[in-house]
Amino acid sequence: MSENKLSFRALQLANEQRTAYGLRYNDFTRYRKHCANRTHRLRSTLKMTHGKGREFKKLPPLSTDNIKDGNLELLLFESERAWAYSQDLITQSLQPANEDQAGTLRHSATGRFRRAVHWSTQLLSHCQSLYASSHLSAEGLMQITIYTLILNGRFLRYRDSFEDALIQLSVARHLLDELVECAATSRDQALATVFADEIGPEIRYCAHELGRERAYDVDAIAAELSEKHRGEIVEGCDALIQKFRQEGEVAGKGVGKKKLATLMWEGQPVPVRNPELVDVLLRVQEAEAKITQSRESARAEGASDKGRKGKSGSHGSKKGVAAYDAILLALSDAEEVGRKLVEAQQNSGSSSTSAAGTRDIHFVHAYIVYQLLSRRIQRDLLLVSALLTSHRPQACAKPQKEHVDARLYPAVVKLLDTVIQGLAQMRNLSIVDESPDLAAAVEARLTFTKARRCSYLAHCYVAVKKYAEALSLIQHATIYLRETRSTLSIFSEDPISSASPAYYPLTSSDLDALESIITQDGLTIKNEWFAYNGGSIDADNKTYKKPLFFDIALNYVQLDMDRLLERAGKASAPPLVPVQAVPAKSRLEEVARPKTPEPQAPAKGGLSSLLEGWWGRK
């Protein structure tokens, strides 16, 4: 008998089709067309057509021997098609453009709604027959019973029969609570939670219309009315629930991996009330288990290979970084699903259907984004440590200090930029902003990462001989480190370091280590700058510069630096000038002597001298 059991889940199938084909955004027209196409395909597959042309071929009646899953699906989609059509007509009747035809549209919607109840009742009768002959499980019968009760209750509420509708919906809510309590997997539990959240406002509305004092207390109303009327509404309800619990105990033994662990945030559980989120969060849980196993194996390898620290350490770090790919992919999918659910709730214009005081889908989406950012930050920090470890000098520090790869510090700075970006996004999340201690912890890590980034960025400027910029960055790093100390002194216990996945541990010893590194780097940069060009900003090291020591006497006395350098033995050789060969001269010829005056002619007088002066003659 167990081999011939049908695996028909009405609520699961209806939820999947509604979510995928328009009802996430309340598009009843699209969903109705999808249901029509699906029913046509099912009829063709099951060969349930009425013949071709004008020849009518009567179909054989369904019995427990020849019924299949496709037959049950056909009845379900017929009911879904009629219900979607009725909701579409109701929506059209409320539009101002169709005010003249509002009565006709409401009348047509009532007929389609009644047709949907007819198809669901027919489906329930077939499932009861299958359950009696052990061809259907108790969970399958409970799901189709809940589906029929919800549809019938909504129809009664539409007809303003609030008392009968309240009874039907309360019994359905009680059965959904049983599904949540005894579900074998987390997905089934979330599925029942979705339908329970959907009918919660309808129960509250009916109770309010009936004048109940505590109409807001949906759980108390459902428990009270289901206790009275569940035996009348559902045939053999207690026996069905007992059988479902027995089947759940048997089925729950082999599906431990499909159970989602309870997600906690600040000591309170995070509700996951959607089957799509459960699927992706299960993958996140599996990826986290793999990361934990990789860490344990890495620790075991590190303990065994304590003596050798060369290639084995770098290989282990690379392997640990690669282990984050799966969890980041799963968290990205979970964030996408959560974002779609948030957008669907905003676009539909409906408020949260969860109970008052509980955390809604906006909170769950923010929680998933926080986990995604924390894992990204953890992966980037592991990459930084892997890069620095792989380029660490082995034996002699001085000769190998100059041979650091020029791409190392820019790569580290780029990774720290992504860490800063992730911390900034995390700081703007609503769940972080609501917790003062967590916001301060994130802010402290943000300033600490900025200090580290400035330190490594200073090394990038030192490589290109820009010492002024490097010292300025060292000063900025000191300021950021001071801000980190003041922020950490606000709270007594760090919420990030004390969390179970401490993705960014930060202690006072880390601050002290970074402060000593920054101080040492600043001193080293100053020494290198002085050795390069005497500490000048604009001058080049090739031109001579006066040493950077000062004395009061230098302001009053002209100091002959050439003479001092010559006496110190550091004078530069004078430039060589080509000299022409000159014959040697005696010392007597070098004595300057006055020139011998030339003898003058006797002076002439009279008319001749005057005429010679006119014509230029002497």
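First, a word on what this report is: a plain description of the structure on this page.

**What to know about the overall build of the protein**
Then, number 1: A count of helical and extended segments in the protein gives 21 helices and two strands.
Then, number 2: In the protein, which comprises 618 residues, the proportion classed as buried is 39%.
Then, number 3: Taking all contacts inside the protein whose residues are at least 6 apart in sequence as the whole, residues at least 24 apart take part in 74%.
Then, number 4: Of the roughly 37,900 Å² of accessible surface on the protein, a fraction of 52% belongs to carbon and sulfur atoms.

**Considerations on helix 1 (residues 10-20)**
Then, number 1: Listed in full, the buried residues belonging to helix 1 are Ala10, Leu11, Leu13, Ala14, Asn15, Gln17 and Arg18.
Then, number 2: Directly beyond the C-terminal end of helix 1, a positive phi value near 115° is found at glycine 22.

**Here's the deal with a negative patch on the surface**
Then, number 1: A cluster of acidic residues, Glu266, Glu434, Asp437 and Glu493, forms a negative patch at the surface.
Then, number 2: Note on placement: aspartate 437 falls in helix 17 (residues 436-463).

**Overview of unusual backbone geometry**
Then, number 1: With phi around 65°, aspartate 160 is a residue other than glycine that occupies positive phi space.
Then, number 2: Following the sequence through the fold, aspartate 160 ends up in the loop between helix 5 (138-158) and helix 6 (162-181).
Then, number 3: What makes aspartate 160 exposed here is its relative accessible area of 53%.
Then, number 4: Despite not being glycine, glutamate 266 shows a phi value in the positive range, around 55°.

**What about the nonpolar core?**
Then, number 1: Residues Leu277, Tyr370, Ile431 and Val432 are the most contacted members of the largest nonpolar core, which totals 72 residues.
Then, number 2: Secondary structure elements with two or more residues in this core: helix 10 (275-304), helix 12 (324-348), helix 13 (361-390), helix 15 (408-427), helix 16 (430-433), helix 17, helix 18 (467-488) and helix 19 (508-533).
Then, number 3: For this core, the element with the highest residue contribution is helix 17, accounting for 15 residues.
Then, number 4: Residues within four places of tyrosine 370 in sequence aside, it is in contact with Trp265, Met426, Leu429, Ile431, Val432, Leu438, Ile496 and Tyr503.
Then, number 5: Core analysis: the second largest hydrophobic core is formed by 67 residues, Leu6, Leu11, Leu75 and Leu124 among them.

**A closer look at the environment of alanine 289**
Then, number 1: Examined against the element boundaries, alanine 289 turns out to sit in helix 10.
Then, number 2: Using a relative accessible area of 36% as the deciding quantity, one classes alanine 289 as partly exposed.

**Some remarks on the pattern of salt bridges**
Then, number 1: Across all of its chains, the model carries 32 salt bridges by this definition.
Then, number 2: Notably, a salt bridge pairs arginine 18 with glutamate 80, separated by 2.8 Å at the nearest N-O pair. Highlighted residues: arginine 18 in helix 1 and glutamate 80 in helix 3 (residues 69-93), separated in sequence by 62 residues.
Then, number 3: Take arginine 18: its relative accessible area is 11%, and that puts it in the buried class.
Then, number 4: What makes glutamate 80 buried here is its relative accessible area of 1%.

Rules and cut-offs
Residues numbered from 1 in each chain as written. Predicted model: local features only at pLDDT ≥ 70, side-chain atom pairs only at ≥ 80, totals over all residues. Heavy atoms only, no water. Helix = DSSP H or I, 4+ residues; strand = E, 2+ residues; numbered from the N terminus. Buried < 20%, exposed > 50% of the residue type's maximum accessible area, 1.4 Å probe, protein only. Contact = heavy atoms within 4.5 Å. Areas by Shrake-Rupley, 256 points an atom, 1.4 Å probe, with all protein chains shown as cover. Patch = residues over 30% accessible without salt bridge, like charges linked within 9 Å, V, L, I, M, F, W, Y side chains within 5 Å. Salt bridge = Lys/Arg side-chain N within 4 Å of Asp/Glu carboxyl O. Lys, Arg positive; Asp, Glu negative; His and termini not counted. Charge placed at Lys NZ, Arg CZ, Asp CG, Glu CD. Core = buried A, V, L, I, M, F, W, Y, C linked by side-chain atoms within 4.5 Å.

Read these as spatial facts, not as claims about activity.
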